[in-house]
Amino acid sequence: MKKYVEDLNFEGEEFISDWPFWSAQDIRRKKGVLQAARLMINSAMTAPFAGGVPQIETHLVYGQAELEALARKVEEIAHTNKNWEEPFLYEAVMVRDSDVIILIGNTRCHETPLDAGCGLCGGTLDCGYFYDKKKQRYGLVDITDRSSKRMVNGPLCSARVDDLGYAVGSALWTAYTLMVDARPFASMGIAGQKLGYCPNSGMVVGVPVAAKAKNPYVDVNVDYHLINMDKVLDSARKMYATARIIRGFDYRKWIPKAKKTGKEDE
Amino acid sequence: MGHLIGKDYIQDHILEVAKNIVLAIHKAPQITGRTQIEAEIIWGEDLKPILEVMAPVANVMRYVQWDYETINNCLKKGESPIVIAIGGKLDRSDLAWNCGACGFDTCKEFNAYAKETSGGGQLGGPCCNWKLLDCAIACDWACASAWQNKVDNRIMGSLGFALGALGYLPNTNVKLGLALGPARDMVYYSREETQKVMSYEMDKADMVRSVPTMFATFAGGGNPMYKTKDDWWAPPELMNIGFSEPFMEALQKILFEQIPEICVKYSAQIEARYKKKK
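Just so you know, these numbers come straight off a predicted model, no measurement behind them.

With that settled, the discussion passes to the overall build of chain A. Per the secondary structure count, chain A includes eight helices and six strands. Each helix and strand of chain A, placed in order from N terminus to C terminus, yields the pattern α-β-α-α-β-α-β-β-α-β-α-β-α-α. Relative to its 266 residues, chain A shows a buried fraction of 40%. Excluding contacts between residues fewer than 6 apart, the proportion of contacts in chain A whose partners are at least 24 apart in sequence is 74%.

Structure representation (structure tokens):
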């Protein structure tokens, strides 16, 4: 058996900053957020569940390529429903502006219901609403056909969905306690599920996490998918170079100076 | 200057904590941003109608019995739990997301179905699952807030059923109750209050009844044995799962005779409270 060797080399220095994006100092900052996200997941796992039944799985998604893939999936879904279009496009920007995304899914809501006859799914005194619409034998749901024309393949056991809400709530509570920014999103959950994250889940919620000067998930401007930090920075890159060309000079020989005014002479 | 002695002031403090918890319920983040959540605080004598509704159900549902015995015994000791009633209006979708999570292709179809069936389940329902998530996040924040204030608590469907039957939170269709306090360790977990009414035999019976769901014995013969005793093979006891006329009769009597009678007794009084507020 490998013996644990304690590392007592406790010295060093770390420079941490949020600028420039994806620099070493920014990645160090992101790693702090990753630690917070891991604690949020612990909270999700220990949230109050009906009967104390284990039913939550999570995926942590981070890195430029990974977040870009998720953002593009959110954008793709945005264009499938007029009511989603603008909010989901805004939320795709938020994905790119996040440090880490947590996807939290419920592994039982589509396959192994609570079976308590609570009525949350269909408003009835038994679980018939769920089972009648599912391919099942003696109460065992066959989920092997995973194709669906719907974004979420319902019906679901709403008691389990309720438990998923508790998991998301606990993750958010910990985020607020740790002073990192986080909010729950349907768009990121649906997109994450379509990309294969939380592979055993019937429903997934996305919780993006960030630790930046401006909370990425609130106070957005109109047309946020067109006017946001990435676009503004790229605009500056595009226009500033042109502004230089307009009035060039040989700085070794001559630098334009402001005209002296009479007031300055005094 | 001051000197607080005894426990009464702690009970008063739990009420203040309850107000903080209601604040957390309303502050909780939402996915849709459109879910209507309501909360009320109930304690002392006002818990009696709720317990009266829970009592007959406790006779046929073990989880209701745990909750009923716990709250009722605390009340008898003069240590009233404080109940936060939490409700959500979840049976209409104004989202038009048409996501399918409810089992219908469109929100319009769901709304038409919900209009016919709303409130038919023990805890209400049907639900738009995204709005249900919002409500659950609020309930979770209530629990977390209680936890951070070091008040023993448990979110209960049994209380939700009673609140619904009695007409509390009339603008919502799904209700749950969060029981808080009294100020001691383990009120709602490893429950001391149920020890006197829960015998060894009852506990054993509950375990035994759970066995079929765990496929405990070889089922290939089509008639698996049932392990109810040490020498379970001599003679074998075989599963005999069937419709129970006496149980169903008792359940029907409770749900459709006893509970409506209790509700009629209190509903006018509870309804009047909401009318006064208007």
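On to the overall build of chain B. Tallying secondary structure elements over chain B gives eight helices and four strands in all. Mapped in sequence order, the helices and strands of chain B form the string α-β-α-α-β-α-α-β-α-β-α-α. Along the longest, intermediate and shortest principal axes, the C-alpha atoms of chain B span 70 × 60 × 35 Å. Expressed as a percentage of its 278 residues, the buried residues of chain B come to 40%.

What follows deals with the sheet that holds strand β1 (residues 36-43) of chain B. Residues and elements named next belong to chain B. Read from one edge of the open sheet, four strands run β1-β2-β4-β3, paired in antiparallel fashion. Each edge of the open sheet is held by one strand with a lone partner, namely β1 and β3 (153-156). Across the sheet, the axes of successive neighbouring strands diverge by a mean angle of 20°, strand direction being ignored. For strand β2 (residues 82-89) and strand β4 (residues 174-180), the ladder comprises seven bridges, and the chain directions are antiparallel.

All names here are of chain A. Here four strands make up an open sheet; going across it, the order is β1-β2-β6-β5 and the pairing antiparallel. The open sheet has two edge strands, β1 (56-61) and β5 (181-182), and neither has a second partner. As defined by bridge partners, strand β2 (residues 100-106) adjoins strand β6 (residues 203-210) across seven bridges and the pair is classed as antiparallel. The residue bridging Ile 101 from the neighbouring strand is Pro 208, located in β6.

Right, let's get into the confidence of the model for chain B. Per-residue confidence for chain B gives a mean pLDDT of 90, with 93% of residues at or over 70. ipTM for the predicted complex: 0.82, alongside a pTM of 0.87.

On the chain B side, the residues contacting the 39 residues of chain A number 40 residues. Breaking the side of chain A that touches chain B down by element, the ones donating at least two residues are α3 (82-96), α5 (158-177) and β6 of chain A. Taken together, the residues of the side of chain A that touches chain B sort by class into 22 nonpolar, 13 polar and four charged.

Turning our attention to the packing of α5(A) against helix α5 (residues 129-148) of chain B. Viewed as axis vectors pointing N to C, α5(A) and α5(B) meet at an angle of 50°, and their least axial separation amounts to 7 Å. Comparing their axes, α5(B) and α5(A) come out oblique. Considering only the axes of α5(A) and α5(B), their crossing is right-handed. When α5(A) is examined against α5(B), the residues Ser158(A), Val161(A), Asp162(A), Leu164(A), Gly165(A), Tyr166(A), Val168(A), Gly169(A), Ser170(A), Leu172(A) and Trp173(A) are found in contact with a partner set consisting of Asn129(B), Leu132(B), Leu133(B), Cys135(B), Ala136(B), Ile137(B), Cys139(B), Asp140(B), Trp141(B) and Ala144(B). Its residues assigned to classes, the contact of α5(A) with α5(B) comprises 14 nonpolar, five polar and two charged.

Here is what the cut-offs are and how they apply
- Residues numbered from 1 in each chain as written.
- Chains lettered and ligands numbered in written order.
- Predicted model: local features only at pLDDT ≥ 70, side-chain atom pairs only at ≥ 80, totals over all residues.
- Helix = DSSP H or I, 4+ residues; strand = E, 2+ residues; numbered from the N terminus.
- Buried ≥ 20, exposed ≤ 12 C-beta atoms within 10 Å, placed from the backbone.
- Contact = placed C-beta atoms within 7 Å.
- Pairing = 2+ DSSP bridges.
- Axes fitted to C-alpha atoms, helices over the stretch in contact; angles between N-to-C directions.
- pLDDT = per-residue confidence, 0-100.
- Nonpolar A, V, L, I, M, F, W, Y, C, P; charged D, E, K, R; others polar.
- Parallel < 35°, antiparallel > 145°, perpendicular 65-115°, else oblique.
- Left-handed = near helix turned anticlockwise from the far one by under 90°.

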